[in-house]
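Given next are the chains, with one letter for each unit.
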Amino acid sequence: MAQHYPLSINNDIATTTVKHYTRILTIAGSDPSGGAGIQADIKTISALKCYAASAITALTIQNTKGVTAVEPVGAEVLEGQIRAVLDDIGADVIKIGMLCNTEQVRTVARLIREYGIQNVVLDPVLASTSGATFLIESARGVLLNELMPLCRIVTPNIPEMRALLGNNENVSTEEDMKRATRELSTLIGGKSVLLKGGHNSDSIKNGEVFDILFDSEVGEGTHTIYRTKHIKTKNTHGTGCTLSSAIASYMGTMHRASLASITAKAKRYISGAMGSATSYKIGGGKGPVDFFWDIWWR
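Rules used throughout
- Residues numbered from 1 in each chain as written.
- Predicted model: local features only at pLDDT ≥ 70, side-chain atom pairs only at ≥ 80, totals over all residues.
- Heavy atoms only, no water.
- Buried < 20%, exposed > 50% of the residue type's maximum accessible area, 1.4 Å probe, protein only.
- Helix = DSSP H or I, 4+ residues; strand = E, 2+ residues; numbered from the N terminus.
- Phe/Tyr/Trp six-rings, centres within 6.5 Å; stacked < 30°, edge-to-face > 60°.
- Lys NZ or Arg CZ within 6 Å of the ring centre and 35° of its normal.
- Pairing = 2+ DSSP bridges.
- Contact = heavy atoms within 4.5 Å.
- Axes fitted to C-alpha atoms, helices over the stretch in contact; angles between N-to-C directions.
- Core = buried A, V, L, I, M, F, W, Y, C linked by side-chain atoms within 4.5 Å.

Asker: Can you help me understand unusual backbone geometry in this one?
Answerer: The phi torsion of most residues other than glycine is negative, and most of the peptide bonds are trans. Despite not being glycine, Lys49 shows a phi value in the positive range, around 65°. Judged by its relative accessible area of 65%, Lys49 is exposed. Positive phi, close to 70°, is recorded for Arg256, a residue that is not glycine. On the secondary structure map, Arg256 appears in the loop between helix 8 (239–253) and helix 9 (259–277). By relative accessible area, Arg256 is classed as exposed at 86%.

Here it is in structure tokens:
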């Protein structure tokens, strides 16, 4: 005898209230191994109950062991992808990851201005941990002068910060990091900066990691320090992509919230994703985080 299981979903279209997604457009490179780039962004945005649309800037050949090749997408194709999304679906927030050259940077900046997007999160992915160059050095000045001033927040790590500031000064202590965030903020028109401290070997030796946010939206600017216990794990592939996508997602859903509160929620998410991932093994190198850890927990 067949058994029947009634569904609790209301399929009566006439009485169903129309809902609207929080729409996040991610502009970044593709990672075929699924741990970073567009793939990490889409997983993170989806895990945080937002709708992920994407525009691919480059095809890469990479896995958990490293990056072996990068093939940039032409600026016209990139523009076509972005317009296809914004003309139809729109975007509440744009998250930007890997860009490859001056043409791509200028294309993205022009379209942000044209469509009037106010909430933009930029993770300045300049090179991979394995040493592969993503954004050519000649394009960094354009990134600083034309794109970053259009962003609400940028999220460099320590090596990226040093490259953007164009100096070899030490960036390790809290005061070093505070100074660097203020300096970069000044260079990019007073925008907010989150400096990620995962490359700070001194703090890791003490069993902690700390990131510093310079929030330019509060008064003349204020610093917030986020301290977390250092998680001993090889599964760190794509953590920068994941954190910036989490910030973009919460920026879209936490209306009127401060950047400090948005970043705190994103930090909780990435810490949980890294902690949960310690139990898994994917690939022979640095594996991905557990993007859906909070869903499994709920």
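So that's the structure; there's more coming.
Asker: Teacher, can you tell me more about the packing of aromatic side chains here?
Answerer: Scanning the model with the defined rule gives 2 aromatic pairs in all. Measuring from ring centre to ring centre gives 5.3 Å for Tyr21 and Tyr51, while their planes differ by 40°; the resulting arrangement is tilted. Taken together, the positions of Tyr21 in the segment before strand 1 (23–30) and Tyr51 in strand 2 (residues 51–63) put the pair 30 residues apart, joining distant regions of the chain. Seen from their ring centres, Tyr269 and Trp293 are 6.5 Å apart, and the 35° between their planes marks the pair as tilted. You can see Tyr269 sitting in helix 9 and its partner Trp293 sitting in helix 10 (residues 293–297), a full 24 residues away along the chain. Accessibility assignment for this pair places Tyr269 and Trp293 in one class, buried. Looking at Arg227, its charged tip hangs above the ring of Phe210, at a distance of 5.4 Å from the centre.

Asker: When you look at the sheet that holds strand 7 (residues 192–195) in this model, what are you seeing that I'm missing?
Answerer: In a beta sheet, neighbouring strands pair by backbone hydrogen bonds and run either parallel or antiparallel. Judged by pairing direction, the sheet is mixed, and its 9 strands sit side by side in the order 3-2-1-4-5-6-7-8-9 without closing on themselves. A single partner strand is all that each edge strand has here, and the edge strands are strand 3 (66–72) and strand 9 (222–229). Relative to strand 4 (residues 93–96), strand 1 runs parallel, the two being bridged by 4 bridges. From the neighbouring strand, Thr26 faces strand 4, where its bridge partner is Lys95. Along the sheet, helix 6 (residues 174–187) contacts strand 6 (153–154), strand 7, strand 8 (208–215) and strand 9; its crossing angle with strand 8, the most-contacted strand, is approximately 35°.

Asker: Help me understand the side chain of Glu79 in this model?
Answerer: When you line up the elements, Glu79 lands in helix 2 (residues 75–88). With residues up to four places along the chain from it excluded, the contact list for Glu79 reads Thr107, Arg110 and Leu111.

Asker: Sorry if this is basic, but what is going on with the environment of Ala277 here?
Answerer: When you line up the elements, Ala277 lands in helix 9. Classification of Ala277 by relative accessible area gives buried; the value is 1%. Placed 42 residues apart in sequence, Ala277 and Asn235 show a C-alpha to C-alpha distance of 6.4 Å. When neighbours within four sequence positions are excluded, Ala277 is seen to be in contact with Asn235, Pro288, Val289 and Asp290.

Asker: When you look at the nonpolar core in this model, what are you seeing that I'm missing?
Answerer: Where a protein is soluble and globular, its nonpolar side chains tend to be buried together. Ile27, Ile96 and Leu143 are the most contacted members of the largest nonpolar core, which totals 43 residues. With 5 residues, the top contributor of residues to this core is helix 3 (residues 102–115). If sequence neighbours within four positions are ignored, Ile96 has contacts with Ile27, Val108, Ile112, Val120, Val121, Leu122, Asp123 and Leu147. With 32 residues, the next largest nonpolar core counts Ile247, Ala257, Leu259 and Ile262 among its residues.

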